[in-house]
Every structure is written in C-alpha cells, then in structure tokens.
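Single-letter residue listing:
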Amino acid sequence: MEDELKKLYLQFLKFQEKFFLKDKKKWFGVKMVKPKEKEVREVFFNYQRDSFLKFCKKIKDIIFAKNPLKEALAKWSMDNWYPWYYFKFLKEKDVIDLKRDGRVILRARKMLKILPRPLKEKEIKKKIEEKLKIKLNLQNPSNYLFKTKIKAHYDQFPISVSSAIFLVSKILEYLPLYQKFLFVGDDDLISFYCCLADKNFKAKVIDIDEALLKKIDEISKKYNLKIELEKVDISKKKKLNENFVGFLTSPVYTYEGVKIFVNFAVNHLSKDGGYGFLNLSDEAIGNRYLFLEEFFNKKNLIIEEVIKGKIYYPWQIVQPDDEIILNKYKEFFSKKVVESSPIISSSLWIFNYVPFKVPKPKKQTFFYAYL
C-alpha cells in the first residue's frame, strides 16, 4: 500500500503543478508582475512542493476530519486554494468521495492500515487505562507506573502523566505513516504510552541508560508492544543503519545539548521527509534561542508549532539545588503549595523536515506579488 501511496504522491505533484501554473497567474499581485512560466514552475518546485510524508499527513488531515475543508485550512495555515488541489485530486483518483454537507467519505479503506488515526487526549487516557486496568493519576510523574529509577547524572526528570498523554496526542496527529518512530532518550517512557494508545505504533528507543532500556524491554514484552531498543551514546555520534518517519527528544536543556540531540535525530530522518518533536525548557538558553533557530534552519526544519502550557514536571527532589529552591519558596508559601506546583514547565516544538535543498528566494521588487 505504501508503494501505491508513493505513486499517488508523484501523480499529485504533476497534477498540482499543472493547476498551480494556471491558477497562480490569476491571483492578486501575481498578474501585476506577469511572471514567466519558468519562474512559476521554479516557485512551485522550490517552495510549494510537499515532501512525500507531508503529503501523507495532509491526506490524514482530510480523511479523519469532521469538517475537512474547515479543519484543513486551520491546520495548514493556508488559503482555500491549496486544499482544493487535494480534494480535486483525491476525488478524481477515487480515494475519497465529497458530500455537499462538507463531509468526506474515504473510499480507499486500505489506507487506514498505514495512516495512523489521530486521537484526542481523553481517548488516549481511556485506551491506556483499559489496557493497564488501572485509573491513571494525571499529576504523577510519567514513570510512576513502573517505578523506574531516576539517574540524576543523566539529567533524567520525568514529565507528568498528563504531559505524556498530550505528547502522544500530538505525535499521533502528525505521524504520517505506520513506520518506525525514533525516541532519542526516553526516561519519560513516551514510547510505551504511544504503543499502548495505538497497537500499530512502531518505536525505536535509543538511550545511554542500560537499566532504563532493560525496564522498557520488560514492559514492551509484557504488553506485546512494538518497541526496539539500542544502547547508544550520542555524544560519540554513533550512526544507526536505518531511517525514521519522525523523532521525539527531550535533551539536556542547554544550547549545546539541544544541538547534539536534534542533530543526531534529524540525521536519521528519511529522504521522504518526516516530523520532529522537541521537548524544551528554557533553563539555560535565554537569548541563545536566536542561534538555535538558525541551527534548525540549517537542518531544514520548518517550525510547525511551538506549544506552551501543556508539558510540566511534577515536583520532585532530584538534584541538590531542588532542595535549595524549595527552601527559598517556603519563605513565601507553604511547603504544600510549593510541592503542588510544577518544578519545571517546557514547550513542545514540532518541526516539518524538508528532505530536499531549498534555495534562498530571489529578491523581489513588488511585495504584493504572491509568488
């Protein structure tokens, strides 16, 4: 089915380019500059062409939506010309049927075997609780179910269960295909949560902590989960002999730490594209974010979302300085108040990886030219 989908993708690029050439010249601003056909083709090829995995993700957005036109516009941050290309093409290829009330009916049902269904947080929580036969405590650390030991020298510090569930919901929203997804470090056990939420999820976890890997292996075998494991010290830049459709990493929250972890992860995305997820807090980065964003640009990572206020770390004493800040806050608040608050919050960065070279745009003289 994946080979069929790739053929469909190549057909779509030709289809979209044909209509793009015809339609673009009618758009406001473009008709004023009267571009040559060669220029329009170059714009399409360099700047409007989707990667294969982004194409898959957009099909997902359409077929799993209640109101596909409205939801596609919201998710893609585009005008309504672009969804039309997808609707028109997919209908002509008998992949979907379009209803006058706005619904889309999937005709190529076999796509459901390779396109992961997005799940809301409530759905994920319910699925995990049913499989584990427990009631999840959303405020507890994500590792509390299996009592994995935190190793401070590896800078381990688990996020909350609610944060883990949120992460899973975003990964399943973007995951373009049921292919292997890379976890560069996984002391939060997100691979476990992903595989419980979707039995077809395929994970590869690399970590330097051998004891953590053994624990994940024990869990995955108990619940028959699709998790591969490998001990890797990424500071030695070891290269894995495989590629992935996406990655999640929660690196050391330093400027160099982020670069090392993300660089390793991006180098394992495929020529088809992919999606990256970076869990990051500003403990020691500050205005160096300017240079991190430059680094993301060099790695061909387009920022899709930066989400704040959804991921946090429950209060725990892990490092000696945690005790120091607790005592500092006790000058103002009770110990109970302090310990009921997060000790750290972080942001989720979501990237679309562009697997081909994108040339720097030529300087244009007319800023109303939407080309």
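Residues take numbers from 1 onward in each chain, read along the sequence in its written order. Restriction of local features to residues with pLDDT of at least 70 applies here, the model being predicted, together with a cutoff of 80 or more for giving and counting side-chain atom pairs; totals for whole chains, interfaces and linings are based on all residues. To get the side-chain values, take all heavy atoms of the structure and skip hydrogens and water.

**Thoughts on the overall build of the chain**
Then, in step 1: Each helix is a run of H or I in the DSSP string that is no shorter than four residues. Each strand is a run of E no shorter than two, and both are numbered from the N terminus. Check the secondary structure of the chain and you find 14 helices and nine strands.
Then, in step 2: In this description the radius of gyration comes from C-alpha coordinates, and the expected globular size is given by 2.2 Å times residues to the power 0.38. Taken over C-alpha atoms, the radius of gyration comes to 23 Å for the chain, in line with the 21 Å a tight globule of 371 residues would show.
Then, in step 3: Seen through its principal axes, the chain has C-alpha atoms that stretch 65 × 45 × 40 Å.
Then, in step 4: When accessible area is computed with a 1.4 Å probe and restricted to protein chains, residues below 20% of their type maximum are described as buried, those above 50% as exposed, and intermediate ones as partly exposed. The proportion of buried residues among the 371 residues of the chain is 49%.
Then, in step 5: Whether two residues are in contact is decided by their heavy atoms: any pair within 4.5 Å suffices. Within the chain, residue pairs in contact and separated by at least 24 positions form 73% of the contacts whose partners lie at least 6 positions apart.
Then, in step 6: Of the roughly 19900 Å² that the chain leaves accessible, carbon and sulfur atoms contribute 52%.
Then, in step 7: Each charge sign in the chain was given a centre, from 73 positive and 48 negative side chains, and these centres are 6 Å apart. Accessible areas in this description were obtained via Shrake-Rupley with a 1.4 Å probe; residue shielding takes into account the shown protein chains only. The convention is simple: Lys and Arg are positive, Asp and Glu are negative, and His and the chain ends are not counted. Here the site of a charge means NZ on Lys, CZ on Arg, CG on Asp, or CD on Glu.

**Some points on the sheet that holds strand 4 (residues 203–207)**
Then, in step 1: In this description, strands pair whenever DSSP reports at least two bridges between them. Ordered in space as 5-4-3-6-7-9-8, the seven strands form an open sheet in which the pairing is mixed. Two strands close off the open sheet at either side, each with one partner strand: strand 5 (227–231) and strand 8 (301–313). Sheet twist, expressed as the average angle between the axes of neighbouring strands with direction ignored, equals 15°.
Then, in step 2: Judged from the nine bridges that link them, strand 8 and strand 9 (residues 344–353) form a sheet pairing that is antiparallel. Bridged to tyrosine 312 within strand 9 is serine 345.
Then, in step 3: Only the stretch in contact is used when fitting a helix axis, every axis being a line fitted to C-alpha atoms; angles between N-to-C directions are given from 0 to 180 degrees. Along the sheet, helix 10 (residues 210–222) makes contact with strand 4 and strand 5, crossing strand 5 at roughly 165°.

**Regarding helix 5 (residues 68–76)**
Then, in step 1: Buried residues of helix 5: Pro68, Ala72 and Trp76, and no others. Each buried residue of helix 5 sits inside an arc of 45° when the element is viewed along its axis, so together they form one side. Among the exposed residues of helix 5, those pointing more than 90 degrees away from its buried face are Lys70 and Ala74.
Then, in step 2: Residues of helix 5 that are buried in the fold lie against helix 4 (52–63), helix 6 (81–92) and strand 2 (104–106).
Then, in step 3: Once helix 5 ends, the next one or two residues include serine 77, with phi positive near 55°. What the arc measures is the spread of directions leading from the helix axis to the C-beta atoms.

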